[in-house]
Amino acid sequence: MKPLCLSLLTVLPALAFGADPAAPDPAGAPPMAIVEVTGTGQSRQVQNITRADLQQAAPGTSPLKTLEKLPGVSFQSADPFGSYEWSTRFSIRGFNQNQLGFTLDDIPLGDMSYGNNNGLHISRAISSENIGRVAVSQGAGALGTASTNNLGGTVQFVTLGPANEAGVTAAQTLGSDDTARTFVRFDSGEFAGGTKFYISGTRMRSEKWKGAGPQDQDQFNSRIERRIGEHTLSAFFNYSDRREVDYQDLSHEMARRLGMDWDNYYPDWQRAVNAAKGIYSGAVNSLDDAYYLGQGLRKDKLAGATLDLQLTPALAAKVTGYHHGNEGQGHWYTPYTPTSAEVPISIRTTEYTISRNGVLGDVTWELGMHTLNAGFWAERNKHMLTRNFYAATDGRYIDDFLRGPMSTGFLQSFVTDTRQFYVQDTIALLDGRLKINAGFKSPKVEIDAHTFIGDRADGTITAKKTFLPQVGVTYQLSRSDELFASGAKNMRSYQPGVNGPFSQTRAGYALSIGELKPETSTTFDVGMRFKRDAVQGSVAVYYAKFDDRQMGIATCAGIVGCAGTIVNVGKVETRGLEALAVWKIAPSLSWFNTFTYNDSTYESNYTDNGRLVAVKGKQVVDAPKKMFNTELAYDANGFFARLGAKYTDKRYYTYLNDNSVPSYVVANLSGGYRLGSAGMLKDLTLQVNVTNLFDRSYFGTIGSNGFAASDVQGTSMTLMSGAPRQVFFTLSGKL
């Protein structure tokens, strides 16, 4: 990534509607307000996505997808909701999802990778309707963030707590590809003793937009809070059961020959069997052009409890304990391992279990002009990873976890112990107009890996840094204008599981371990925020340097599942500029715009099996140089609407930059009418969402099967086409 970095604070979708769509005034909404989301007072780039933005998205949309309008943020997926995890790609300023930090109510979600090892995706952690807001830090996250992934920014999700008044909220969504989604939430209201809670259930059923197969999910969320004097005790339990059938990965050559809508064979079992025997039909000419079926199954339980203490007017403390349990299987019908002479296909699985237990705490002490913060995070994560093969006798759809494999490719266990603490002081000067903060964190992550079956590596590896500093300053020029600047050093720990250093063979690990170092980054931000009666926004520049970048190199086709190799490819530098402006054109009309220029380049060549790969000066893969988002919002007399479009620049998917996917623009439309009350029902709202409004054909996800050094012929199967136009209707209301 490249020199000088200035984090721009964005005043976000201040096109957010003045009235909460969940509680509107049917007689005519008040004038639309511009919502402040630029993180005023923060010394780094921080933005808040409001509940209004979350509600305007199609129900079931991943909260990550709602963030794509922010400067610096790139999001792609192969489905209209952005929740199909195999295809989800989220990056900030050129740092990909595995290099960012994610939390829910301070509890770590890990890197939210598809190959589970240290967390879970936000779409499984909680239903989107139960999220109150999202805070995004594009540069460096707060020192107290419970993450050892965040070389780049952080994303913090905050739950919408129990309501003070009792009631039932419900929404029913119907739409394209047999989508049917039901959400029901019951709020108890606050009892005399200061206790309140909510429980909710979500049922999602949908078919793929191409090919065949469901993408289903069932969720249960709950939370209880109790006031105890000046203190608060809260606890929650969330459960998710997700089953999603995969889309076929494409290459440029396949897309030209078979079309962008090409997909796997399911439910045509005989065609898959014939292909496995080398008998092709149609335009198919390769064993890898399609497989019979692939799918991901995930069951998650996430629970936690928090004690929030106001010990004195100047002293506050908080402690949280949590548990996450996960079981997952990825199914892939492989023609490379036959079940028998008669059935040339078997079901290859990658199976995961996670058991994480952790505790975090922090203390805040107001002492004159100083605000002192200190805290800690400790977690033990037990992770099991297995590659199994199961007999396939016919083409019937199996939507549950498989048991009793016919063979096992490898079996590994990982115990990861994480310890991190931080200290920070914020000094307020010049009557609070000037604030300076300085502090550091000290992480240590130890992985103990054991291989029971197969030739994958095992051993113990530790990533630690005693002193990772962070400094920042804000200066209030006037009531309307503010300058900010920050700098931070961060480390990313090694990863257990399917993509980490222990995914190599023992021999490969022995050769690479001497070159492995924890990835580190140094980031700087400088920017200005401004706010006037009709216009608000921000502008920022930034610089980041990324050292000891670790890269996994695939040694065979993804479905074969060979052990890869991990290579230290040296430095990356990023320079960029971000700008945001929101113009309140009229009381009911606003216009939101963001622009990003991000120049991320490799600064070191590397060797692959003794061969020089000359990537120095090349653009970082999946890091568009330019992005532009525009959105027009209207809200008056019960009607509301948003029309938005985003431009994403060309993206390379090879390290040598010899192949890429072209730029594209995708527009989305949402709108509706607040119907008011009908009998016992109130706040009735009818909403329509149209994704990819102009039915643009484009490649969304790239790198689904990793990135290659070169792909001159365009045969690398690592691309996924974006979803075509989809339409969804939602009726919501309260009792």
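Residues numbered from 1 in each chain as written. Predicted model: local features only at pLDDT ≥ 70, side-chain atom pairs only at ≥ 80, totals over all residues. Heavy atoms only, no water.

Considerations on the overall build of the chain
Right, so step 1: Within the chain, the regular secondary structure consists of six helices and 39 strands.
Right, so step 2: Over its C-alpha trace the chain gives a radius of gyration of 25 Å, about what one expects of a compact globule, namely 27 Å for 735 residues.
Right, so step 3: Within the chain, the proportion of its 735 residues that are buried is 59%.
Right, so step 4: Across the chain, contacts joining residues at least 24 apart in sequence account for 69% of those joining residues at least 6 apart.
Right, so step 5: Element-wise, carbon and sulfur atoms account for 58% of the exposed surface of the chain, whose accessible area totals about 27100 Å². (Helix = DSSP H or I, 4+ residues; strand = E, 2+ residues; numbered from the N terminus. Rg over C-alpha atoms; globule rule 2.2 N^0.38 Å. Buried < 20%, exposed > 50% of the residue type's maximum accessible area, 1.4 Å probe, protein only. Contact = heavy atoms within 4.5 Å. Areas by Shrake-Rupley, 256 points an atom, 1.4 Å probe, with all protein chains shown as cover.)

Topic: the nonpolar core
Soluble globular proteins: nonpolar side chains tend toward being buried together.
Right, so step 1: Among the nonpolar cores identified, the biggest contains 46 residues, and Leu67, Phe90, Ile122 and Phe157 are the most heavily contacted of them.
Right, so step 2: Mapped onto this core, the elements with two or more residues apiece are strand 2 (73–76), strand 3 (89–92), strand 5 (101–104), helix 3 (122–125), strand 7 (131–137), strand 8 (154–159) and strand 24 (535–547).
Right, so step 3: At three residues, the largest contribution of residues to this core is made by strand 7.
Right, so step 4: Look past the residues within four positions of Leu67 in its chain and what remains in contact with it is Ile49, Val73, Phe90, Val134, Val136 and Val155.
Right, so step 5: Of all hydrophobic cores here, the second largest spans 34 residues; its members include Trp269, Val273, Ala392 and Leu402. (Core = buried A, V, L, I, M, F, W, Y, C linked by side-chain atoms within 4.5 Å.)

Points about the packing of aromatic side chains
Right, so step 1: Here the structure, examined in full by the defined rule, presents 27 aromatic pairs.
Right, so step 2: Taken together, a centroid distance of 6.4 Å and an interplanar angle of 45° make the contact between Trp583 and Trp591 tilted.
Right, so step 3: Overall, Trp591 belongs to the partly exposed group, its relative accessible area being 36%.
Right, so step 4: The residue whose ring lies beneath Lys69 is Phe592, and the NZ or CZ to ring-centre distance is 5.6 Å.
Right, so step 5: The aromatic ring of Tyr198 is capped on one face by Arg185, whose charged end is 3.7 Å from the ring centroid. (Phe/Tyr/Trp six-rings, centres within 6.5 Å; stacked < 30°, edge-to-face > 60°. Lys NZ or Arg CZ within 6 Å of the ring centre and 35° of its normal.)

Side note on a nonpolar patch on the surface
Right, so step 1: Nonpolar side chains collect at one region of the surface, where Val535, Trp583, Ile585, Trp591, Leu632, Leu643 and Leu669 lie side by side and expose about 570 Å² of accessible area between them.
Right, so step 2: Residue position: Val535 is located in strand 24. (Patch = residues over 30% accessible without salt bridge, like charges linked within 9 Å, V, L, I, M, F, W, Y side chains within 5 Å. Salt bridge = Lys/Arg side-chain N within 4 Å of Asp/Glu carboxyl O.)

Looking at the sheet that holds strand 1 (residues 47–49)
Right, so step 1: Pairing within the open sheet is mixed, and its five strands lie in the order 1-7-8-5-6. A single partner strand is all that each edge strand has here, and the edge strands are strand 1 and strand 6 (107–108).
Right, so step 2: For strand 5 and strand 6, the ladder comprises two bridges, and the chain directions are antiparallel. The residue bridging Leu104 from the neighbouring strand is Ile107, located in strand 6. (Pairing = 2+ DSSP bridges.)

A few points about the sheet that holds strand 2
Right, so step 1: Taken in spatial order, the three strands make up an open sheet running 2-3-4, and their pairing is antiparallel. If you trace the sheet from one side to the other, it starts and ends with strand 2 and strand 4 (95–96), each paired once.
Right, so step 2: In the sheet, strand 2 pairs with strand 3 via four bridges, with the strands oriented antiparallel. Bridging from a neighbouring strand, Gln76 pairs with Arg89 of strand 3.

Examining the pattern of salt bridges
Right, so step 1: Using the criterion set out here, one finds 36 salt bridges in the structure.
Right, so step 2: Of the charged contacts, one joins Asp106 and Lys318 as a salt bridge, the two residues approaching to 2.7 Å between their closest N and O atoms. Taken together, the residues Asp106 in the loop between strand 5 and strand 6 and Lys318 in strand 15 (residues 315–334) connect sequence positions 212 residues apart.
Right, so step 3: Residue Asp106 is classed as partly exposed on the basis of its relative accessible area, which comes to 31%.
Right, so step 4: Residue Lys318 is classed as partly exposed on the basis of its relative accessible area, which comes to 24%.
Right, so step 5: Asp455 is the partner of Arg506 in a salt bridge, and the nearest nitrogen-oxygen pair spans 3.5 Å. Of the two residues, Arg506 sits in helix 6 (residues 506–512) while Asp455 sits in the loop between strand 19 (434–453) and strand 20 (459–464), which places them 51 residues apart along the sequence.
Right, so step 6: Sharing partners across several salt bridges, the network here consists of Asp53, Lys69, Glu631 and Arg642.

Details of the environment of Ser62
Right, so step 1: Within the fold, Ser62 resides in the loop between helix 1 (51–56) and helix 2 (63–66).
Right, so step 2: Accessibility expressed as a relative area gives 0% for Ser62, which makes it buried.
Right, so step 3: Ser62 has contacts with Phe81, Gly82, Ser83, His121, Ile122 and Ser123, leaving out every residue within four places of it along the chain.

What about unusual backbone geometry?
Right, so step 1: The omega torsion of the bond from Tyr266 to Pro267 falls at 10°, within 30 degrees of zero and hence cis.
Right, so step 2: With a phi angle near 50°, Asn692 is a residue other than glycine that sits in the positive phi range.
Right, so step 3: With respect to the element layout, Asn692 can be found in the loop between strand 36 (681–691) and strand 37 (699–702).

Concerning the confidence of the model for the chain
Right, so step 1: The predicted model of the chain averages 90 in pLDDT, with 92% of residues at 70 or higher.
Right, so step 2: Residue range residues 1–35 is modelled with pLDDT below 50. Its contacts to residues more than four positions away, or to other chains, number 193 contacts. (pLDDT = per-residue confidence, 0-100.)

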